[in-house]
Amino acid sequence: MATWGYGNDNGPATWVKSFPVAAGTRQSPIDIVPTAAKCDTKLTENPLTVNYSPEPAMELCNPGLSVKANIKSKSVIKGGPLEGEYKLEQFHLHWGSADKQGSEHTLNGKMFPAELHLVHYNATKYSSFGEAVDKPDGLAVFGIFLKISDKPHQGLKSLTDVLSEVQYKDKSINIKQEYNPVCLLPDNINKYWTYLGSLTTPPLCESVTWIVFEEPIEVSEDQMKAFRALCCGECGSAPIVDNYRPPLPLGNRQLRASFQ
Ligand SMILES: NS(=O)(=O)c1ccc(NCc2ccco2)cc1
Ligand SMILES: [Zn+2]
């Protein structure tokens, strides 16, 4: 089978052929219905803590279906639904061809224009992302909704200002000035939903504790245009847009909320 993607011939509905876990019982994303979430005081008693550090020379790359920043410094999270310490490995985004779509998780059926994923692995139990990626408690991913405002997001600006330098597949650059990924988080990280799910792209491993924040971050239309100008391949190839998997059934999983 040709490599997976988001087109008609290789998109999410076809992935199950090569990745049978696509039909599994803890797949992601899901539609988040706040009234169906159970407020769990255990989450508030053990607050989520983020200890991110500055990246001296962060590598930004275009792997062909998104844009990804690889993290080398020690940035860790713990608490909330997590047991042990999870280390930041990379972050990337999913976005639409228009503002009406683009996010993977939806909120009462509503899609946001984009969604940012900060991917962490369980460094207490596993020695690398590769070892953790297929373990049920291997990964923790922050899902952050993006919404449009008239002001650009300053934290994302260091990236969107240089996306033209990674416009084509397999291009990568180093962000010169120091970058602390904490600038990407919403102001209030105490309000989130959490559930047990999976990677949203192949290999779709059911190894992710999802933490989706209620508060979106705000980006400008120009910043969205910069993401939509990235190309899937070399010069002249199609733009990277609509690189999102539609929601899967929650099934009999419990969606928990850290707030009322
Ligand atoms: N969209 S996401 O946050 O669920 C996500 C995160 C990480 C990968 N990694 C895919 C991978 C690389 C090696 C083995 O597996 C894929 C998807
Ligand atoms: Zn993702």
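Each value, and the rule that gives it
- Residues numbered from 1 in each chain as written.
- Chains lettered and ligands numbered in written order.
- Predicted model: local features only at pLDDT ≥ 70, side-chain atom pairs only at ≥ 80, totals over all residues.
- Heavy atoms only, no water.
- UniProt positions renumbered as here; feature names shortened; annotations may be inferred.
- Donors = N, O, S within 2.8 Å, 3.2 Å for Na, K, Ca; no water.
- Tetrahedral: all angles 85-135°; square planar, octahedral: opposite > 155°, others 65-115°.
- Helix = DSSP H or I, 4+ residues; strand = E, 2+ residues; numbered from the N terminus.
- Buried < 20%, exposed > 50% of the residue type's maximum accessible area, 1.4 Å probe, protein only.
- Core = buried A, V, L, I, M, F, W, Y, C linked by side-chain atoms within 4.5 Å.
- Contact = heavy atoms within 4.5 Å.
- Near = heavy atom within 4 Å.
- Polar contact = N/O pair within 3.5 Å; in protein donor to acceptor, adjacent residues only side chain to side chain.
- Nonpolar A, V, L, I, M, F, W, Y, C, P; charged D, E, K, R; others polar.

- In the annotation of an unreviewed UniProt entry, the protein chain is listed under the name Carbonic anhydrase and assigned to Lottia gigantea.
- Word for word, the UniProt comment on the protein chain under Cofactor (unreviewed entry) is "Zn(2+)".
- Per UniProt, the protein chain carries the Catalytic activity (unreviewed entry) text "hydrogencarbonate + H(+) = CO2 + H2O".

Overview of the coordination of the zinc ion (ligand 2)
Tetrahedral metal sites with four donors have an ideal angle of 109.5 degrees; octahedral sites with six donors have ideal angles of 90 or 180 degrees.
Move 1: Only H92 (NE2), H94 (NE2) and H117 (ND1) from the protein coordinate the zinc ion (ligand 2), and they sit 2.0 to 2.1 Å from it.
Move 2: With four donor atoms in place around the zinc ion (ligand 2) and angles of 98 to 116° between them, the coordination shape is tetrahedral.
Move 3: Site description for the zinc ion (ligand 2): donor spacing in sequence, H-x1-H-x22-H. With H94 in strand β7 (residues 86-95) and H117 in strand β9 (residues 114-122), the pair connects residues that are 23 residues apart, well separated along the chain.
Move 4: Accessibility expressed as a relative area gives 3% for H94, which makes it buried.
Move 5: Residue classification places H117 among the buried residues on the basis of a relative accessible area of 1%.

Concerning the nonpolar core
Move 1: Core analysis: the largest hydrophobic core is formed by 43 residues, its most contacted members being L60, V67, F91, W95, L116, L118 and F142.
Move 2: Ignoring anything within four residues of it in the chain, the contact list for L116 reads F91, H92, L93, F142, G143, I144, L146, L184 and I217.
Move 3: I30, Y195, C205 and F259 belong to the second largest nonpolar core, which has 23 residues in total.

Some thoughts on the site of ligand 1
Move 1: Looking at ligand 1, there are 13 residues lining it, with H92, H94, L199, T200 and T201 nearest.
Move 2: In this structure, a nitrogen atom belonging to ligand 1 sits 3.2 Å away from a side-chain N or O atom of H92.
Move 3: Contact distances for ligand 1 include 2.8 Å between a nitrogen atom and a side-chain N or O atom of T200.
Move 4: Listing elements by their share of the shell around ligand 1, those giving two or more residues are β7 and β9.
Move 5: Broken down by element, the shell around ligand 1 gets its largest block of residues, three residues, from β7.
Move 6: Grouping the constituent residues of the shell around ligand 1 by class yields seven nonpolar, six polar and no charged.

Digging into the environment of E59
Move 1: On the secondary structure map, E59 appears in strand β4 (residues 58-61).
Move 2: Between the alpha carbons of E59 and F142 there is a distance of 20 Å; along the sequence they are 83 residues apart.
Move 3: Among all residues touching E59, those that are not within four sequence positions of it are K68, A69, N70, K72, S172, I173 and N174.
Move 4: Side-chain polar atoms of E59 contact the side chain of N70, separated by 2.9 Å.

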